[in-house]
Amino acid sequence: MTVIAVASVKNSPGATTFALALAATWPGGKAVLAELDASGGELAGHFRLEPDPGIASLATETRRNREPEVLLKHTQTLPGGLRVIAAPAQPGQAHAALTALTATLPEVLGNLSSDTVVVADLGRLTGPSAELVASVDKVFVLARPRLTELAHLQGLAEAVPHAELILVGRGAYPPAEVTEAIGLSIRAHVAHDPGARAFLEGRRQRTRLVRAASRIAIALSTTAPTEVLA
C-alpha cells in the first residue's frame, strides 16, 4: 500500500487543493482521495456530492467491517474520474466521524494491498486528524516560508519523522535555512498559485500547484529519490 497524507499546521496554504491534485494526477489513475479533515470537508460543496457515501458512512461500517475493500464502498467519483471519500462540511459531524475512525481506520489501511494508493487530506494536524499520522507512509506538510508559520513547525521532525515540507510562496527564508532550523527535509518549493483554487472548484485543470503535485506523484510512484522541486 501507499498512504500519503497532506496537512498543514496553521492557516492552510492550499492543503486540500494540493491533496486533490496529488491524487488526481497519480500515474495510472489509481489513487483514492480520503478527506480526513476534522474541521469539515470542502469536496462535497465544490463538487455537489451526496452526503453519503463518505467519511461518516465509512466510520459507521468500519465498526464491524475492516476489510480493505470497505474503502471503495464509500467513494464517490468526481467528473474527472477521481474516487473520493468526502467528509461532512459541518465541523461537528466531521469531527465525530474522524474520532470514530481513529479506532478503526489504521487497521483498514494496514490491510490494503501493495498496489493501493490513498491520499489523505488531514487538514490541520490537530485532534483526531493528527492521531492518524502514524498510519500513513509519508506526510507532506504545506507551509509558507514565513516566521509566523515556521514557528509552528518546531518539534514536528521529532513528532512526525516521516514528514516532509512543501513550501508555498515567497518568504524571508530559503529552503536550506528552513531545513537547518526545523530539521524537516523539503520535497518542493512552489510559487504562490492564485489559480489553484479554481482547480479545487473544478474550473481549471492545470495550474502551477497542480503541475508541482503531478511531478511529486510521478516521483513517488516510481520510488525516485527525493529532490527539491521548484
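- Looking at an unreviewed UniProt entry, one finds the protein named Chromosome partitioning protein, with Streptosporangium algeriense as its source organism.

**A look at the overall build of the protein**
- Scanning the protein from N- to C-terminus turns up 12 helices and 8 strands.
- Taken across its 230 residues, the protein has 53% of its residues classed as buried.
- The long-range share in the protein, meaning contacts at least 24 apart out of those at least 6 apart in sequence, stands at 72%.
- When the accessible surface of the protein is split by element, carbon and sulfur atoms take 52% of a total near 10,300 Å².

**So, the nonpolar core**
- With 44 residues, the main nonpolar core has L36, I55, L71, L105, V141, L153 and L165 as its most contacted residues.
- Those residues within four positions of L36 in sequence are excluded, and the remaining contacts are I55, L98, L101, L105, A120, D121, L122, S129 and L132.
- Residues F18, L20, V168 and V190 belong to the second largest nonpolar core, which totals 35 residues.

**A closer look at the environment of K73**
- With respect to the element layout, K73 can be found in helix 4 (residues 70–73).
- Residues K73 and G54, 19 residues apart in the sequence, show an inter-C-alpha distance of 8.9 Å.
- Those residues in contact with K73 that sit more than four places away from it in its chain are P53, E61 and N65.

**What to know about the pairing of strand 5 (residues 117–124)**
- In terms of residue burial, strand 5 counts as a mostly covered element, since 7 of its 8 residues are buried.
- Relative to strand 5, strand 1 (residues 2–8) runs parallel, the two sharing 7 bridges. Counted as the bridge partner of T2 is V117 from strand 5.
- Looking at chain direction, strand 2 (residues 31–35) and strand 5 are connected through 5 bridges and run parallel. Opposite V32, over in strand 5, you have V118 as the bridge partner.

**Focus: a positive patch on the surface**
- There is a patch of like positive charges on the surface, built from R206, R208, R211 and R215.
- One can find R206 in the loop between helix 11 (196–200) and helix 12 (208–221).
- Judged by its relative accessible area of 45%, R206 falls in the partly exposed class.

**Quick word on the sheet that holds strand 1**
- Taken in spatial order, the 8 strands make up an open sheet running 3-4-2-5-1-6-7-8, and their pairing is mixed. Because the sheet does not close on itself, it has two edges, and the strands there are strand 3 (76–77) and strand 8 (186–190).
- Sheet topology note: the strand 6 (residues 138–143)/strand 7 (residues 163–168) ladder contains 5 bridges and is parallel. Paired with F140 across the strands is E164, a residue of strand 7.
- In the packing of helix 12 onto the sheet, the strands contacted are strand 1, strand 6, strand 7 and strand 8, and the crossing angle to strand 8 comes to about 160°.

**Brief notes about the pattern of salt bridges**
- Enumeration according to the criterion identifies 4 salt bridges in this entry.
- Taking the shortest distance from any N to any O, the salt bridge between E61 and K73 comes out at 2.7 Å. Highlighted residues: E61 in helix 3 (residues 55–61) and K73 in helix 4, separated in sequence by 12 residues.
- Of the charged contacts, one joins E164 and K138 as a salt bridge, the two residues approaching to 3.0 Å between their closest N and O atoms. With a gap of 26 residues between them, E164 in strand 7 and K138 in strand 6 connect regions that are remote in the sequence.
- Through salt bridges with shared partners, a single network forms among K138, E164 and R187.

About the criteria used
- Residues numbered from 1 in each chain as written.
- Predicted model: local features only at pLDDT ≥ 70, side-chain atom pairs only at ≥ 80, totals over all residues.
- Heavy atoms only, no water.
- Helix = DSSP H or I, 4+ residues; strand = E, 2+ residues; numbered from the N terminus.
- Buried < 20%, exposed > 50% of the residue type's maximum accessible area, 1.4 Å probe, protein only.
- Contact = heavy atoms within 4.5 Å.
- Areas by Shrake-Rupley, 256 points an atom, 1.4 Å probe, with all protein chains shown as cover.
- Core = buried A, V, L, I, M, F, W, Y, C linked by side-chain atoms within 4.5 Å.
- Pairing = 2+ DSSP bridges.
- Patch = residues over 30% accessible without salt bridge, like charges linked within 9 Å, V, L, I, M, F, W, Y side chains within 5 Å.
- Salt bridge = Lys/Arg side-chain N within 4 Å of Asp/Glu carboxyl O.
- Lys, Arg positive; Asp, Glu negative; His and termini not counted.
- Charge placed at Lys NZ, Arg CZ, Asp CG, Glu CD.
- Axes fitted to C-alpha atoms, helices over the stretch in contact; angles between N-to-C directions.

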